[in-house]
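The primary structure of each chain is shown beneath.
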Amino acid sequence: KQEVTQIPAALSVPEGENLVLNCSFTDSAIYNLQWFRQDPGKGLTSLLLIQSSQREQTSGRLNASLDKSSGRSTLYIAASQPGDSATYLCAVRRTSGSRLTFGEGTQLTVNP
Amino acid sequence: DAGVIQSPRHEVTEMGQEVTLRCKPISGHNSLFWYRQTMMRGLELLIYFNNNVPIDDSGMPEDRFSAKMPNASFSTLKIQPSEPRDSAVYFCASSLWGMDREETQYFGPGTRLLVL
């Protein structure tokens, strides 16, 4: 059974800092991995998706990497801003058309 | 694109009443997912459909919950009878799966359900 772990559970940083969020999964046989953010009281917003054949994806100040063999992904946020404050979740999909297995999330607070 | 549409956005009902939550997936998507989120249990997958067919309903809590997808553009999640412990935010999500598809999953805004 796939298990997804996110460390740390919560993170507080000053504005402008570069930061890394971690995601690990127990079964390396994945189809893809997706990072989401969730603002309080809102739904999940997709940030980046990495296919199993890819090593990284970038969108603006965000960069997600994937090391399938070690069962790890990181989300790098450059020059953090207060607007980045949210909960960040990673999720993995085992095969095409299957469900996502989510981590518990990392609650990020960026202080002005 | 309007995104995933859910209705109602908020629902307050009394214990024992029937509750019906509705979802319209993104046009062209062929996978639909129902989730429930609470502080205590986090985000839980209840059921998902591929091409309108239920694939995995192992997350459905009990017989009081049922979900249907009569066509590619509409799904319902029904709770009958509702109980206070069903209070949660219910999310619907959709994606496009198939050969060489990325299958990015898009979430709706959620329905906040309170059962008194």
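Refer to the structure presented above.
So, here is what we can say about the structure in this document. Residue numbers run consecutively from 1 along every chain, following the written order of its sequence. Each chain takes a letter, starting from A, and each ligand takes a number, starting from 1, following the order in which they are written. Selection of residues for local features in this predicted model requires a pLDDT of at least 70, selection of side-chain atom pairs for listing and counting requires 80 or more, and totals for whole chains, interfaces and linings are taken over all residues. Remark: hydrogens and water are excluded; side-chain values derive from all non-hydrogen atoms of the structure.

## Re the side chain of B:S75
Residue and element names in this part refer to chain B. With respect to the helices, strands and loops of the structure, S75 is situated in strand 8 (residues 74-79). Three labels apply to residues, based on accessible area from a 1.4 Å probe with only protein chains included: buried if under 20% of the type maximum, exposed if over 50%, partly exposed otherwise in between. Classification of S75 by relative accessible area gives buried; the value is 0%. The term polar contact refers here to a pair of N or O atoms within 3.5 Å; inside protein, the definition further demands a hydrogen-donor-capable atom paired with an acceptor-capable atom, and it admits residues adjacent in sequence only when both atoms are side-chain atoms. At 2.9 Å, the side chain of S75 forms a polar contact with the side chain of W34. Setting aside chain neighbours within four positions, we find S75 in contact with L21, R22, C23, L32, W34, F49, K68 and M69. By the criteria applied, helices consist of DSSP H or I runs no shorter than four residues and strands consist of E runs no shorter than two, each listed in order from the N terminus. Contacts were defined at the residue level, with two residues in contact if any of their heavy atoms lie within 4.5 Å.

## Quick look at the pattern of salt bridges
Residues and elements named next belong to chain B. Every case where a carboxyl oxygen of Asp or Glu lies within 4 Å of a side-chain nitrogen of Lys or Arg is listed as a salt bridge. Going through the model one piece at a time under the given rule, you end up with twelve salt bridges over all chains. R64 is the salt-bridge partner of D86, the closest N and O atoms lying 2.7 Å from each other. Placement of D86 in the loop between strand 8 and strand 9 (88-95) and of R64 in the loop between strand 6 (53-56) and strand 7 (65-71) is noted, with a sequence separation of 22 residues between them. Judged by its relative accessible area of 1%, D86 falls in the buried class. We note a salt bridge from R85 to E83, for which the minimum N-O separation is 2.6 Å.

## Some words on the state of the cysteines
Think of a disulfide as a covalent bridge from one cysteine sulfur atom to another cysteine sulfur atom. Disulfide: a pair of cysteine sulfur atoms within 2.5 Å of each other. Inspection of every chain in the model, using the stated rule, returns two disulfides over all chains. Disulfide pairing places A:C23 opposite A:C90 at an S-S distance of 1.9 Å. Between A:C23 and A:C90, the S-S torsion sits near 75°, and that sign places the bridge as right-handed. Taken together, the residues A:C23 in strand 3 (residues 19-25) and A:C90 in strand 9 (residues 86-93) connect sequence positions 67 residues apart. With relative accessibility at 0%, the residue A:C90 sits in the buried group. There is a disulfide in this structure between B:C23 and B:C92, and the S-S distance comes to 1.9 Å. Residues B:C23 and B:C92 are joined through a disulfide that is left-handed, its torsion about the S-S bond being -70°. Here the residue B:C23 occupies a position in strand 3 (residues 19-24), and B:C92 occupies one in strand 9, the gap between them amounting to 69 residues. Residue B:C92 is classed as buried on the basis of its relative accessible area of 0%.

## Observations concerning the interface of chain B and chain A
Every contact between the two is made by 21 residues of chain B and, on the other side, 19 residues of chain A. Using a 1.4 Å probe, buried area is obtained as the accessible area two parts lose upon being combined, added over both of them. Roughly 1600 Å² is buried in total at the junction of chain B and chain A, and carbon and sulfur atoms are behind 48% of that figure. For the chain B face of the interface with chain A, the top three residues by lost area are B:E102, B:E103 and B:F107, together amounting to 29%. Here B:E103 ties to A:R93 by a salt bridge, and the two come within 3.3 Å at their closest N and O atoms.

## A few points about the packing of aromatic side chains
Each Phe, Tyr or Trp ring (for Trp, its six-membered ring) is paired with any other whose centre lies within 6.5 Å, and the angle between the two planes then decides the class: stacked below 30 degrees, edge-to-face above 60, tilted in between. Inspection of every chain in the model, using the stated rule, returns eight aromatic pairs over all chains. When the centroid spacing of 5.5 Å and the interplanar angle of 35° are considered together, the rings of A:F36 and A:F102 count as tilted. In this pair, A:F36 sits in strand 4 (residues 32-38) while A:F102 sits in strand 10 (residues 100-102), placing the two residues 66 residues apart along the sequence. The same class applies to A:F36 and to A:F102, which are both buried. Judged by centre distance (5.1 Å) and plane angle (20°), the ring pair of B:F33 and B:Y48 falls under stacked. Of the two residues, B:F33 sits in strand 4 (residues 31-38) while B:Y48 sits in strand 5 (residues 42-50), which places them 15 residues apart along the sequence. Taken together through their ring pairs, the aromatic side chains of A:F36, A:F102, B:F33, B:Y35, B:Y48, B:F91 and B:F107 make up a single cluster.

## Concerning a nonpolar patch on the surface
Residue and element names in this part refer to chain B. Patch definition: residues with relative accessible area over 30% and no salt bridge; like charges joined within 9 Å; nonpolar side chains (Val, Leu, Ile, Met, Phe, Trp, Tyr) joined within 5 Å. A 1.4 Å probe and the Shrake-Rupley method give the accessible areas. Residues count as covered only by the protein chains that appear here. Taken together, the side chains of V12, L114 and L116 present a nonpolar region at the surface, about 290 Å² in accessible area. Here L116 shows up in the segment after strand 11 (111-115). By relative accessible area, which is 57% here, L116 ends up exposed.

## Overview of the pairing of strand 6 of chain B
All names here are of chain B. Two strands are said to pair when DSSP picks up at least two bridges between them. One ladder, built from three bridges, connects strand 5 with strand 6; its direction is antiparallel. What sits directly across from N50, in strand 6, is V53. Between strand 5 and strand 6, which pair antiparallel one after the other, the connecting turn spans two residues, and N51 there sits at a positive phi close to 50°.

Don't take any of this as a statement about function, it's just geometry.
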